[in-house]
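Residues per chain, in single letters:
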Amino acid sequence: TVSQYHTMVISNAIQGMAKWCEAVTGVEGSSGYIVLLVCTIIGYIWINDGFQINGSTSKQAAEEEEEEEEPEPLRNFTIKQLRHFDGTA
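Just so we're clear, the structure is a prediction, and the values are computed from it rather than from any experiment.

Undergrad: Residue-level account of the overall build of the protein, with values.
TA: Each helix and strand counted, the protein has four helices and zero strands in total. Along the protein, helices (α) and strands (β) appear in the sequence α-α-α-α when read from the amino end. For the protein, with 89 residues in total, the buried portion stands at 3%. Carbon together with sulfur atoms contributes 61% to the accessible area of the protein, which is approximately 8600 Å² in total.

Here you go:
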């Protein structure tokens, strides 16, 4: 059937690529290492938001949130400070 033919073609192509990788690198099973390397790179990019469509990143959003927040004023004044600035204690 057609499905079996396509499976055989893909299998032969993968075997050919594996033989080529082994011939170039001189390492048996080097095609597996290449697949692992590619998957690792894709995973690293994915985890670090490298596939954002609109160009925004989580780092930019975090920076915007930090800019919007104002620091809370200190509330632990001493009596001497209150007398100096407010005049009442």
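There is more to say after this.
Undergrad: Could you give an account of a nonpolar patch on the surface, naming the residues involved and the relevant values?
TA: A cluster of nonpolar side chains, contributed by I34, L37, V38, I41, I42, Y44, I45, W46 and F51, occupies part of the molecular surface with about 950 Å² of accessible area. Its place among the elements puts L37 in helix α2 (residues 30–47). The exposure class assigned to L37 is exposed, which follows from its relative accessible area of 52%.

Undergrad: Before we move on, can you summarise α2 with the specific residues and values?
TA: Between its first and last C-alpha, α2 extends 26 Å over 18 residues, near the 26 Å set by a 1.5 Å rise per residue. Within two residues after α2, D49 carries a phi angle of roughly 55 degrees, on the positive side.

Undergrad: Tell me about the environment of G29, and name the residues and values.
TA: With respect to the helices, strands and loops of the structure, G29 is situated in the loop between α1 (2–25) and α2. Separated by 11 residues in the primary sequence, G29 and A18 place their C-alpha atoms 7.3 Å from one another.

Undergrad: Can you tell me about the packing of α1 against α2, naming the residues and giving the values?
TA: The N-to-C vectors of α1 and α2 enclose an angle of 100 degrees; their axes lie 8 Å apart at closest approach. Here α1 lies roughly perpendicular to α2, going by the angle between them. Taken together, the residues of α2 that come into contact with α1 (itself represented by A18, C21, E22 and T25) are S30, S31 and I34.

Undergrad: Quick one: what's the story with α1, residue by residue and with numbers?
TA: With 24 residues, α1 extends 35 Å from end C-alpha to end C-alpha; this agrees with the ideal 34 Å at 1.5 Å per step. In terms of burial, α1 is largely open, as just two of its 24 residues are buried. Once α1 ends, the next one or two residues include G26, with phi positive near 80 degrees.

Parameters at a glance
Residues numbered from 1 in each chain as written. Predicted model: local features only at pLDDT ≥ 70, side-chain atom pairs only at ≥ 80, totals over all residues. Heavy atoms only, no water. Helix = DSSP H or I, 4+ residues; strand = E, 2+ residues; numbered from the N terminus. Buried < 20%, exposed > 50% of the residue type's maximum accessible area, 1.4 Å probe, protein only. Areas by Shrake-Rupley, 256 points an atom, 1.4 Å probe, with all protein chains shown as cover. Patch = residues over 30% accessible without salt bridge, like charges linked within 9 Å, V, L, I, M, F, W, Y side chains within 5 Å. Salt bridge = Lys/Arg side-chain N within 4 Å of Asp/Glu carboxyl O. Expected span 1.5 Å × (residues − 1). Axes fitted to C-alpha atoms, helices over the stretch in contact; angles between N-to-C directions. Parallel < 35°, antiparallel > 145°, perpendicular 65-115°, else oblique. Contact = heavy atoms within 4.5 Å.

That is the geometry; function is a separate question.
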